[in-house]
Amino acid sequence: HYILDIYQLLQRYEELSKSAYEYSRGSIGDNQFRDEMREIRMQSGMKVCESISTKKKKYLQAGTCFERMAKEFSNKKKLSALAYINAADNYAKGKKGEKSLEMSNIVLRKYPGSKYEKKTLLVLASTYADRAEFERSAKLYERYSRQYGKKPFSKRGKRSKETGTQHDFLLRAAALREAKG
């Protein structure tokens, strides 16, 4: 564990991830040890992807890295959903809109109810409207309205701070359907 601790202290996440991978595949230790190595590898892998995005500004490479993490650790729902969101964001920054949409749609399909669903619904609905894909956009606004639309006033009679009311999202959907013809 000392070598792994040193890598972590030095923030050398690529080396940490590689070493943890080797230890997790080797015959050293028991199942608990190998599970710990997998966890370390998962966390350090996310750090590697973040570094590619924030420090190197290589967004397409970062998107690919996050996508690979999401697939490899698909059994870890929170991490996988976060990795897909980060992949979508990096693909968008790298001007790969279709790939970004694909990653966002995976979040909605595979991780309903996740903490990323609400924002993802609005981003996708807006993106599809901008692309003149009105039917898809309307469906997403309707879904958002059903799941997250708030009434315009709270129980105390104060205006809600929500980005829109349930009525607003249904109006957006109706307007998009009207634009479709």
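Residues numbered from 1 in each chain as written. Predicted model: local features only at pLDDT ≥ 70, side-chain atom pairs only at ≥ 80, totals over all residues. Heavy atoms only, no water.

### What about the layout of surface pockets?
Think of a ball as big as a water molecule: rolled over the atoms, this probe shows where empty space is left.
Inference 1: Approximately 350 Å³ is the volume found for the largest pocket.
Inference 2: In this structure, the largest pocket is lined by 14 residues; those nearest its centre are Ile85, Ala88, Asp89, Ser104 and Val123.
Inference 3: Taken together, the elements giving at least two residues each to the lining of the largest pocket come down to helix H5 (77–93), helix H6 (97–110) and helix H7 (117–130).
Inference 4: Looking at the lining of the largest pocket, the element that brings in the most residues is H7, giving 5 residues.
Inference 5: Across the lining of the largest pocket, the residue classes break down as 7 nonpolar, 5 polar and 2 charged.
Inference 6: Estimates place the volume of the second largest pocket at around 260 Å³.
Inference 7: Around the second largest pocket, the lining is made up of 14 residues, and of these Ser17, Gly45, Val48, Arg68 and Met69 lie nearest the centre. (1 Å grid on protein atoms, 1.4 Å probe; cavity = no way out; pocket = protein on both sides within 12 Å on 5 of 7 lines; lining within 4 Å. Points joined across faces, edges and corners; volume = space filled by probe spheres on them. Helix = DSSP H or I, 4+ residues; strand = E, 2+ residues; numbered from the N terminus. Nonpolar A, V, L, I, M, F, W, Y, C, P; charged D, E, K, R; others polar.)

### Focus: the packing of helix H3 (residues 31–54) against helix H4 (residues 59–72)
Inference 1: Between H3 and H4, whose axes approach to 8 Å, the crossing angle comes to 160°. Taken together, the axes of H3 and H4 lie roughly antiparallel to each other. Considering how the two elements wind past one another, H3 and H4 form a crossing that is left-handed. Across from Arg38, Arg41, Met42, Gly45, Met46, Cys49, Glu50, Ile52 and Ser53 in H3, the residues of H4 making contact are Tyr59, Gln61, Ala62, Cys65, Phe66, Met69 and Glu72. (Axes fitted to C-alpha atoms, helices over the stretch in contact; angles between N-to-C directions. Parallel < 35°, antiparallel > 145°, perpendicular 65-115°, else oblique. Left-handed = near helix turned anticlockwise from the far one by under 90°. Contact = heavy atoms within 4.5 Å.)

### Points about the nonpolar core
Inference 1: With 23 residues, the main nonpolar core has Met46, Met69, Tyr84 and Met103 as its most contacted residues.
Inference 2: Sorting the residues of this core by element identifies H3, H4, H5 and H6 as the ones contributing at least two each.
Inference 3: Among the elements that make up this core, the one with the highest residue count is H5 (7 residues).
Inference 4: Non-local contacts of Met46, meaning those with residues more than four positions away in its chain, are made with Phe66, Met69, Leu79, Leu82, Ala83 and Asn86.
Inference 5: Of all hydrophobic cores here, the second largest spans 14 residues; its members include Leu121, Ala125, Tyr148 and Leu176. (Core = buried A, V, L, I, M, F, W, Y, C linked by side-chain atoms within 4.5 Å. Buried < 20%, exposed > 50% of the residue type's maximum accessible area, 1.4 Å probe, protein only.)

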